[in-house]
Amino acid sequence: MQERNIHNKPLSKKDKRLIWATTRSILETDQFKHKRHGKKSKSNWNYFKRIINFLLWGTKIVGLYKRGYANVQNIEIKKHDLYFDNLPTNFEGFRILHLTDLHIDAMPELVHSILHVVDQVEFDMAVLTGDYRQDNSGDFTQIINPIAQISELLQKEFSPLAILGNHDTYLMIDYEEELKMRFLINESVQIERDGQVITFAGTDDAFSYYTDATLQTFDDKPGFKIALVHSSELADVASENGYNLYLCGHTHGGQVCLPGGKALISHQQEGKGYISGFWKLGEMTGYTSNGCGVSGVPLRFNCPGEITVFTLKKKRP
Ligand SMILES: [Fe+2]
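Model, not experiment: these values are computed from the prediction.

Asker: Please explain the packing of aromatic side chains as it appears in this structure.
Answerer: Applying the stated criterion to the full structure yields 12 aromatic pairs. Here Tyr132 and Phe183 contribute two aromatic rings whose centre-to-centre distance is 6.3 Å and whose plane-to-plane angle is 90°, an arrangement assigned as edge-to-face. Of this pair, Tyr132 sits in the loop between strand 5 (125–128) and helix 5 (144–152) while Phe183 sits in strand 7 (residues 182–183); the two residues are 51 residues apart in sequence, bridging distant segments of the chain. We note that Tyr132, like Phe183, is buried. Taken together, the ring pairs in this structure connect Phe91, Phe94 and Phe158 into an aromatic cluster. The side chain of Lys156 reaches across the aromatic face of Phe123, ending 4.8 Å from its centre.

Below you can see the structure in the form of structure tokens.
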């Protein structure tokens, strides 16, 4: 149902942003995570921090710290061709660069690795699915310059689209101009090539800051549609509404994994199938990126960071 103001008129984009920012500012100071199926205590985070410290000292003692640290800077470029029945013909071969979970202040030198990798790939548009900052509270202005540096390389045929993750703050959207990217906050936008369009819908983070407005982001209108969500937890709603592609991150692929890539911790409950790489829900193709940054510990094991390029292609009968 469309929300209305006191004059019984549909809310403007400005009104919606104001309501969203007010709500999220309150949720960001709350001691609970706000999830789709209820509140959840943040106390698990303290338990997680103890595990992290144990892991950090453990790797230093057994001499694995340096290797894990170096692993973070070896970001892989992953390229995938994706085939769709309903892709508009003018978007045949359209290349989308997906960046997520940069946590750019966790390891300041990582910006150079990211710039190096992004500079090597060709693409038509970039999307960023959240977690620009290391901590999930406190100052954020330290990330503006490095993210803006990266964004310089992301200016292509279409400007980059971005959403927020659970480590970000609502205050970041005031920096759209400096960051040269457009934030999608529970809204969608169409991009056009010679009269044909594809739709991108971007939600606020649903891992910690869920509100019903996130669900209202997805419409059931026909057309080729891509969902940008920080985590995989809204995949069912996107799939039910006919979205073709769902891009997310959040898990870091586990970041610290056993040999073979089995994640020790993933910070999500949607099931093992959603932790890393491709998955399918109904007709919708989903992809969970390992992300290109780190949080908790500046280490990666058996789980390389990635920058992903998807090339959209029309499925031939
Ligand atoms: Fe993250």
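Asker: Hey, could you run me through the pairing of strand 14 (residues 306–314) in this one?
Answerer: Strand 14 sits mainly inside the fold: 7 of its 9 residues count as buried. As judged from the 5 bridges shared by strand 4 (residues 94–99) and strand 14, these two strands associate in the antiparallel manner. Residue pairing for strand 14: His98 is matched across the bridge by Thr308.

Asker: Explain the sheet that holds strand 8 (residues 187–193) to me, please; I cannot follow it from the model alone.
Answerer: As a general point, the strands of a sheet are linked pairwise by backbone hydrogen bonds and lie either parallel or antiparallel. If you walk across this open sheet you meet the 6 strands as 8-9-10-11-13-12, and the pairing is mixed. Edge positions in the open sheet fall to strand 8 and strand 12 (277–281), since each of these has one partner strand only. The sheet shows a mean angle of 20° between the axes of neighbouring strands, taken without regard to direction.

Asker: What's the story with the layout of surface pockets in this structure? I'm lost.
Answerer: It is the rolling of a water-molecule-sized probe over the atoms that shows where space remains empty. In this structure, the second largest pocket occupies an estimated 640 Å³ of space. In terms of lining, the second largest pocket is formed by 20 residues, of which the most central are Glu3, Lys16, Asn186, Ala213 and Gln216. Mapped by element, the contributors of at least two residues to the lining of the second largest pocket are helix 1 (13–29), strand 8 and helix 7 (212–215). With 6 residues, helix 1 is the largest single contributor of residues to the lining of the second largest pocket. Within the lining of the second largest pocket, the residues separate by chemical class into 6 nonpolar, 7 polar and 7 charged.

Asker: I'm lost on unusual backbone geometry in this one. Help?
Answerer: Most peptide bonds take the trans form, and the phi angle of most residues other than glycine is negative. Positive phi, normally seen in glycine, also occurs at His250, with a value near 80°. When you line up the elements, His250 lands in the loop between strand 11 (245–248) and strand 12. Non-glycine residue His252 carries a positive phi angle of around 60°. Structurally, His252 is set in the loop between strand 11 and strand 12. By relative accessible area, His252 is classed as buried at 4%.

Scoring rules and cut-offs
Residues take numbers from 1 onward in each chain, read along the sequence in its written order. Totals for whole chains, interfaces and linings use every residue, but because this is a predicted model, local features are given only for residues with pLDDT of at least 70 and side-chain atom pairs only at 80 or more, for both listing and counting. Excluded from the side-chain calculation are hydrogens and water; included are all heavy atoms of the structure. Put simply, two rings from Phe, Tyr or Trp (the six-membered ring, in Trp's case) pair if the centres are within 6.5 Å, and we call them stacked under 30 degrees between planes, edge-to-face over 60, tilted for the rest. Helix numbering and strand numbering both begin at the N terminus, where a helix is a DSSP run of H or I of at least 4 residues and a strand a DSSP run of E of at least 2. In this scheme, a residue with accessible area under 20% of its type's maximum is buried, one over 50% is exposed, and one in between is partly exposed, where area comes from a 1.4 Å probe on protein chains only. Only lysine NZ and arginine CZ atoms are considered, and such an atom sits over a ring when it is within 6 Å of the ring centre and within 35 degrees of the ring normal. At least two bridges found by DSSP between two strands is the condition for calling them paired. Interaxial angles span 0 to 180 degrees and are taken between N-to-C directions of axes, which are lines fitted to C-alpha atoms, for helices over the stretch in contact. A cavity here means a set of 1 Å grid points, computed over protein atoms only, where a 1.4 Å probe fits but cannot escape. A pocket is an open set with protein on both sides within 12 Å along at least 5 of 7 lines, and lining residues have an atom within 4 Å of a point. Grid points are joined across faces, edges and corners, and a volume is the space filled by probe spheres set on the points. Any residue outside Ala, Val, Leu, Ile, Met, Phe, Trp, Tyr, Cys, Pro, Asp, Glu, Lys and Arg is labelled polar, Gly included; the first ten of those are nonpolar and the last four are charged.

The values reported here are purely geometric and, on their own, carry no functional implication.
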